Amino acid sequence: MQKRLSLPVFFPDATYAAIHSVPFHEVSNHLLTGLVVTTLHMEIIGMTELLQKNSVTYRNMAKLPENMTLLTDSGGFQILSLINKHKLGKITEEGAVFKLPDAPKKKHLLTPERSQEIQATIGSDIRVVLDVPLMGTEDYKTTKEAMERTTRWAKRAKDTFTRLVGKSATVKYDSQQLEYDSPLLCAVVQGGNDIALRKESAQQLASLGFDLFGFGGWPLDENGNFNTKIIETFVESLPSGSITYGMGIGTPDDIETGYKIGMTIFDCVLPTRNARHGSLFVTKGNGETAGRTYDLVRIGSQKYETDLTPVDKTCDCPTCKNYTRAYLRFLLKKKNPVGFTLASIHNVWWYLRFMTRLRS
Ligand SMILES: [Zn+2]
């Protein structure tokens, strides 16, 4: 099916088969044009098994609109977390071998081929190759090896994708719009914060031929600032007109900077994660100074106890249209699930509105 996306676009993360605390229908109007679904979680929680049992795609199971773009990640980033945080895995040439924290006796293997098969079962529109992500603090040798393995894995993933899909996509793209027939295959550029390795990774992957290219790994420098230089290297090392995806990026400021450099697709858990901690994104002048492009309402603060205004008076989301800061603060203080839902709806909606402002 031919699909169209206005760019730049932000995809909320539906990590465990749903956007955290947000029912799709609450944001599933013209604002929500795409989602990221996490491949590894879908497999682990049994969603892919359920899809196979019902012989349906994830879109049909969740009754999502046909024109919505579903992007599945490869599972690489979650494995990085299992390896680094829990010491529950290792990378071999065959794939990622890992165990889960709640069942540490059972070993799992995720290969580039298997990752594509799971993504095909989910039925996503944009599928990502399994990569070897790093924290960005590794030495040169480790970074180079991971980058080279990422290229070898990308080739294996592409072979599987081609076998499963059996056609190449037609794509029309400029910085304002992407028109494509589903599915597309996305490679992941690695190389850490090393300029030469990033360049090499981008060039190796471009020569293999992919529909789009993701910026993999951490986009931050050693001081925790958005690494503009390495993002520029990523974009400039790809053939001109390449579609670029800022994986896991980021704050509204980082998205704006990334878009100015040339990236057009973004996703991040930040809106829902921050919402659960009572940190609400608002337009400049409507909260506490936070970033270049946004302020924050930290709703737990005492000063909101008697504040009967909406979270953001410029926001047209259901939360801001119907509820007050004082009420939302009370619900979140009491850990009422409705509070998490209302806060998350606002943050996701605010991000999606932010993207429409970037487009204009
Ligand atoms: Zn709102």
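Residues numbered from 1 in each chain as written. Predicted model: local features only at pLDDT ≥ 70, side-chain atom pairs only at ≥ 80, totals over all residues.

What follows concerns the nonpolar core. V129, C186, A187 and F213 are the most contacted members of the largest nonpolar core, which totals 88 residues. Looking at which element gives the most residues to this core, the answer is helix α14 (residues 337-359), with 10 residues. For this core, the domains that each give at least three residues are domain 1 (2-268) and domain 2 (278-359). Excluding residues that lie within four positions of it along the chain, C186 makes contacts with I126, R127, V128, V129, F210, D211, L212, F213, G214 and Y245. Core analysis: the second largest hydrophobic core is formed by 5 residues, V132, A146, M147 and L197 among them. (Core = buried A, V, L, I, M, F, W, Y, C linked by C-beta atoms within 7 Å. Buried ≥ 20, exposed ≤ 12 C-beta atoms within 10 Å, placed from the backbone. Helix = DSSP H or I, 4+ residues; strand = E, 2+ residues; numbered from the N terminus. Domains from an automatic or database assignment. Contact = placed C-beta atoms within 7 Å.)

Two quantities define a packed helix pair, namely the angle between the helix axes and the distance between the axes. Two elements in contact, helix α3 (residues 47-54) and helix α6 (residues 112-122), have axes whose closest approach is 9 Å; the angle formed by their N-to-C orientations is 55 degrees. Of the possible angle classes, the one that applies to α3 and α6 is oblique. The handedness of the crossing between α3 and α6 is left-handed. Here T48, L51 and Q52 of α3 lie close against α6, whose contacting residues are I118, T121 and I122. Taken together, the residues of the contact of α3 with α6 sort by class into 3 nonpolar, 3 polar and no charged. (Axes fitted to C-alpha atoms, helices over the stretch in contact; angles between N-to-C directions. Parallel < 35°, antiparallel > 145°, perpendicular 65-115°, else oblique. Left-handed = near helix turned anticlockwise from the far one by under 90°. Nonpolar A, V, L, I, M, F, W, Y, C, P; charged D, E, K, R; others polar.)

Relative to the helices and strands, G291 is located in the loop between β16 (288-289) and β17 (295-298). When the C-alpha atoms of G291 and T251 are compared, they prove to be 8.5 Å apart, with 40 residues separating the residues in sequence. Apart from the residues within four sequence positions on either side, G291 is in contact with T251, P252 and D253.

Attention shifts here to helix α13 (residues 325-333). Residues of α13 that are buried: R325, L328, R329 and L332. Buried positions in α13, seen along its axis, are confined to an arc of 100 degrees and lie on one side of it. Those residues of α13 that are buried are in contact with β17 and α14. Directly beyond the C-terminal end of α13, a positive phi value near 55 degrees is found at K335. (Arc of directions from axis to C-beta.)

Bringing the environment of I249 into the picture now. Mapped onto the elements, I249 comes out in the loop between β13 (243-246) and α10 (252-261). Counting along the chain gives 118 residues from I249 to D131, while the straight-line C-alpha distance between them is 17 Å. Those residues within four positions of I249 in sequence are excluded, and the remaining contacts are P219, D254, I255, G258, F266 and C268.

Burial along strand β15 (residues 279-282) is two-sided: the residues S279 and F281 and L280 and V282 are all buried. In this structure, β15 lies alongside β17, joined through 4 bridges in antiparallel fashion. Each bridged residue has a counterpart across the sheet, and for L280 the counterpart in β17 is V297. (Pairing = 2+ DSSP bridges.)

Let us look at the domain arrangement of the protein chain. Split into domains, the protein chain comes out as domain 1 (2-268) and domain 2 (278-359). Relative to domain 2, the C-alpha centre of domain 1 lies at a distance of 29 Å. The interface of domain 1 with domain 2 comprises 19 residues on the first partner and 19 residues on the second. For the side of domain 1 that touches domain 2, the elements supplying multiple residues, two or more each, are β2 (9-14), α1 (24-27) and α10. Looking at the side of domain 1 that touches domain 2 residue by residue, the class counts come to 11 nonpolar, 5 polar and 3 charged.

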